[in-house]
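Analysis of the macromolecular model
Here's the letter readout for the chains.
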Amino acid sequence: MKILIINCGSSSLKFQLIDSESEKVLAKGLCERIGIDGGMLNYQPEGKDKIVKNVEMADHTVAVQLVIDSLVDEKDGVIKGLDEIGAVGHRIVHGGEKFAEATIINDEVIKAIEECNDLAPLHNPANLIGIRSCQKIMPKVPMVAVFDTAFHQTMPKKAYLYGIPYEYYKKYKIRRYGFHGTSHSYVSKRTAEILGKDYNNMNIIVCHLGNGASISAVKNGKCVDTSMGLTPLEGLIMGTRSGDLDPAILEFLCQKEKLSISEVLNVLNKKSGVLGLSEISSDFRDIGKEADAGNDQAKTTLEAYSYRVAKYIGAYVAALNGVDAIAFTAGVGENDGSRREAICEYLGYLGIELDKEKNGKRGEELVISKPDSKVKVLVVPTNEELAIARETAKLVK
Ligand code: ADP
């Protein structure tokens, strides 16, 4: 079956067409600046030249139609007609406590996703627009919602409750949810497969270190803790997000800088993390270059980043009561050997020994610990689209 994967943002739409039998990507691309001037379509059909078109897209329905037109185009298309698309898989950011698994989309599911809008006001409404646009253009094609939060729904209460009055959990469902679940699920399963071990009988820590970053603790195939919270702001120091901090800082900054709460939150989401600390960039390559050239602030930024990751790993070793494997994934986790090495330097007590030569490689599935390392350390490139395609294929037979 050919499955269209849609990841819809407020002004953008990423897509992939995947053959669920061969698991090959037939085409992929991105619509940018939907609803604003200067719209652009990037379309990459498998084995053909990439196409970039400047085209205005008044709304997401126009964008979805453009995607379909590209996929069925006589010259650059990869399918003959719309009827070849067997299903659509939608990436949905927040499923609240309602969704512990992917689900076939119907009116009830749409309503339940809508009810989670308060928890992800930037993402869920955009995801819903993507669903509705696809329904308009492909009313007969079954669609599946795959949630970023679902994998973490197995966390026990002791891990997801905040130490605040319980009535806020009861009234508003304020608790930790976690994100990047599709990636944590995919990478933890692959880790067990690569090591030839039973996924349902081992402890894995997954470090998803991209621009957004989170860690999860996976026991016997189930997530028992993860570092992001009610929103993706909690946890690690990220590209532009602060991660954990003393909540009293909010009022302090409001007063000193004469900012509103939402302005401070904007600083914590978009101007903090390694960007804010380094005053250089949110991109680790830029910070790494400066650090190599002797810039102390850049060095301190990288140290603070690695230290935070190592502290979370330590916490999750305790949560799991031991760990068999640690997997690194996403932009930094897959490509930045220096970061992996700096993090693993804190973990000697676990009996971890890195193979420095293997750790020097980039972007491929690899065990980077030495053969007699007590805990295995791996690089496992994430593939959220493939994971969404698999979930979709499972539900649409
Ligand atoms: P997201 O999906 O969260 O936007 P990615 O997983 O694509 O992010 O990761 C993007 C980040 O990965 C970039 O900001 C960059 O810092 C980092 N990155 C990518 N390649 C490298 C590399 N070769 N060395 C160090 N960092 C890298």
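Refer to the structure above for everything that follows.
This section reports on the structure supplied with the text.

Definitions and cut-offs
- Residues numbered from 1 in each chain as written.
- Predicted model: local features only at pLDDT ≥ 70, side-chain atom pairs only at ≥ 80, totals over all residues.
- Heavy atoms only, no water.
- Disulfide = S-S within 2.5 Å.
- Buried < 20%, exposed > 50% of the residue type's maximum accessible area, 1.4 Å probe, protein only.
- Salt bridge = Lys/Arg side-chain N within 4 Å of Asp/Glu carboxyl O.
- Helix = DSSP H or I, 4+ residues; strand = E, 2+ residues; numbered from the N terminus.
- Near = heavy atom within 4 Å.
- Polar contact = N/O pair within 3.5 Å; in protein donor to acceptor, adjacent residues only side chain to side chain.
- Areas by Shrake-Rupley, 256 points an atom, 1.4 Å probe, with all protein chains shown as cover.
- Nonpolar A, V, L, I, M, F, W, Y, C, P; charged D, E, K, R; others polar.
- Expected span 1.5 Å × (residues − 1).
- Contact = heavy atoms within 4.5 Å.
- Axes fitted to C-alpha atoms, helices over the stretch in contact; angles between N-to-C directions.
- Parallel < 35°, antiparallel > 145°, perpendicular 65-115°, else oblique.

Here we look at the state of the cysteines
As used in these notes, a disulfide is a covalent bond between sulfur atoms, one from each of two cysteines. Here the structure, examined in full by the defined rule, presents 0 disulfides. C134 forms no disulfide, and the closest cysteine sulfur to it belongs to C8, at a distance of 7.7 Å. When its relative accessible area of 0% is taken as the criterion, C134 is described as buried. Cysteine C344 shares no disulfide, and the gap to the nearest cysteine sulfur, in C207, comes to 8.2 Å.

What to know about the pattern of salt bridges
With the rule as written, the count across this model stands at 20 salt bridges. Residues D76 and K75 are paired through a salt bridge, measuring 3.7 Å at the closest nitrogen-oxygen approach. The exposure class assigned to D76 is buried, which follows from its relative accessible area of 19%. Across the pair E115 and K111 runs a salt bridge whose closest N-O atoms are separated by 3.7 Å. Pair noted here: E115 and K111 are both in helix α2 (residues 107–115), with a separation of 4 residues, about one helical turn.

Section: the site of the ligand
N211, G212, D283, F284 and G331 are the nearest of the 13 residues found near the ligand. In this structure, an oxygen atom belonging to the ligand sits 3.3 Å away from a side-chain N or O atom of D283. Within the backbone of V332, a nitrogen or oxygen atom sits 3.5 Å from an oxygen atom of the ligand. Protein burial of the ligand: of its 580 Å² of free accessible surface, 67% is covered by the chains. Secondary-structure elements contributing two or more residues to the shell around the ligand are α10 (284–292) and α12 (330–335). The dominant element in the shell around the ligand, judged by the number of residues it contributes, is α12, at 4 residues. Its residues placed into classes, the shell around the ligand shows 3 nonpolar, 6 polar and 4 charged.

Digging into helix α1 (residues 60–72)
For an α-helix the count is 3.6 residues per turn, leaving residues at separations of three or four pointing the same way. Taking 1.5 Å of rise per residue, 13 residues should cover 18 Å, and α1 covers 18 Å from first to last C-alpha, within 8% of that figure. Considered for burial, the residues of α1 that qualify are H60, T61, A63, V64, L66, V67, I68, S70 and L71. Residues of α1 that are buried in the fold lie against β1 (2–8), β2 (13–19), β3 (24–32), β4 (40–45), β6 (85–92) and α3 (124–137). One side-chain oxygen of the residue at the start of α1 lies 3.1 Å from the amide nitrogen of T61, identifying that residue as D59.

Brief notes about the environment of I137
Mapped onto the elements of the fold, I137 is located in helix α3. On the basis of relative accessible area, I137 is assigned to the buried category, the value being 16%. C-alpha of I137 to C-alpha of A327: the two residues are 190 residues apart in sequence and 40 Å apart in space. The contacts of I137, once residues within four sequence positions are left out, are T61, V64, Q65, I68 and L82.

Re the packing of helix α6 (residues 181–195) against helix α15 (residues 384–395)
Helix packing for two helices is described by the angle between their axes and how far apart those axes are. As a packed pair, α6 and α15 sit with axes 9 Å apart at the nearest point and diverge in direction by 85°. In terms of orientation, α6 lies roughly perpendicular with respect to α15. Across from T182, S183 and Y186 in α6, the residues of α15 making contact are E384, L386, A387, I388 and R390.

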